[in-house]
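# Residue-level structural notes
Given next are the chains, with one letter for each unit.
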Amino acid sequence: MNEQIIARHWLAIIAPKAAPAIATSTVLILARIWNANGAEHSIGNAVLMTALSLGAAAAGACASLGHSGDGVLAGTAFAASGGLALAGVAGYADGLSLPLLLWVLATAIAYGLAARYWRTDRREHVAHERQTSARREEHAHIERVEALRAGAQIEVARTGAAYAEQLAQALVTRAALPGFDPTALERAGLPELPQGDR
């Protein structure tokens, strides 16, 4: 009945699937730019990135162990911790092989974690579509039943009106017949005709 008439653009469909790769690639690119600008073998930069990564991991642990247990906040903090660790190693390392290996691992882990949420989101979407479809079917059934009931009532009223019209015509025709005696009908036990028809 109420189908979606707006088609989503293909970029809007694939953008969430590309987000983990884009995020880890952005971290790797920025870390390599940082490496080219003097982060390589800089103890201060390595300590800074280690401290930031540990701080983000601690924030994630506090968020997941707290009373509220906010999974989104904990996941964001752990993702920031992993991203900072990747950026620190990619910025500090000499060659490109270790940063690329870490990038592949980080991307695989990100897709592994995202796949779980995508499956959950897909299940919820399918359940919502089924529930909506069931409600539409139920409403359509109720509408069909009410339309049938209304049609039947209209037909009964139409038939009753036609019968009343035929009866009135028969009474008028009978009253016009020669030798019609309404009192003979009353004596025979038939219902008395209204005074207007005599």
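Structural notes, computed from the coordinates. (Residues numbered from 1 in each chain as written. Predicted model: local features only at pLDDT ≥ 70, side-chain atom pairs only at ≥ 80, totals over all residues. Heavy atoms only, no water.)

Next up on the list: the overall build of the protein. Assigned secondary structure in the protein consists of five helices and zero strands. In sequence order, the protein lays out its α and β elements as α-α-α-α-α. When each of the 198 residues of the protein is scored for burial, the buried share is 15%. In the protein, of all internal contacts separated by at least 6 residues, the share reaching a separation of at least 24 is 63%. Entry remark: accessible area of the protein is about 14,500 Å², with carbon and sulfur atoms responsible for 67%. (Helix = DSSP H or I, 4+ residues; strand = E, 2+ residues; numbered from the N terminus. Buried < 20%, exposed > 50% of the residue type's maximum accessible area, 1.4 Å probe, protein only. Contact = heavy atoms within 4.5 Å. Areas by Shrake-Rupley, 256 points an atom, 1.4 Å probe, with all protein chains shown as cover.)

Right, let's talk about the packing of aromatic side chains for a bit. Per the counting criterion, the structure on display carries one aromatic pair. Sitting above the plane of the Trp118 ring, Lys17 keeps its charged end 4.2 Å from the centroid. The ring of Tyr117 is capped by Arg116, whose NZ or CZ atom sits 4.9 Å from the centre of that ring. (Phe/Tyr/Trp six-rings, centres within 6.5 Å; stacked < 30°, edge-to-face > 60°. Lys NZ or Arg CZ within 6 Å of the ring centre and 35° of its normal.)

Going through the model one piece at a time under the given rule, you end up with two salt bridges. The closest approach of N and O atoms between Glu155 and Arg158, which form a salt bridge, is 3.3 Å. Note that Glu155 and Arg158 are positioned in helix α4 (residues 97–176) at a spacing of three residues, about one turn of the helix. For Glu155, a relative accessible area of 42% gives the class partly exposed. (Salt bridge = Lys/Arg side-chain N within 4 Å of Asp/Glu carboxyl O.)

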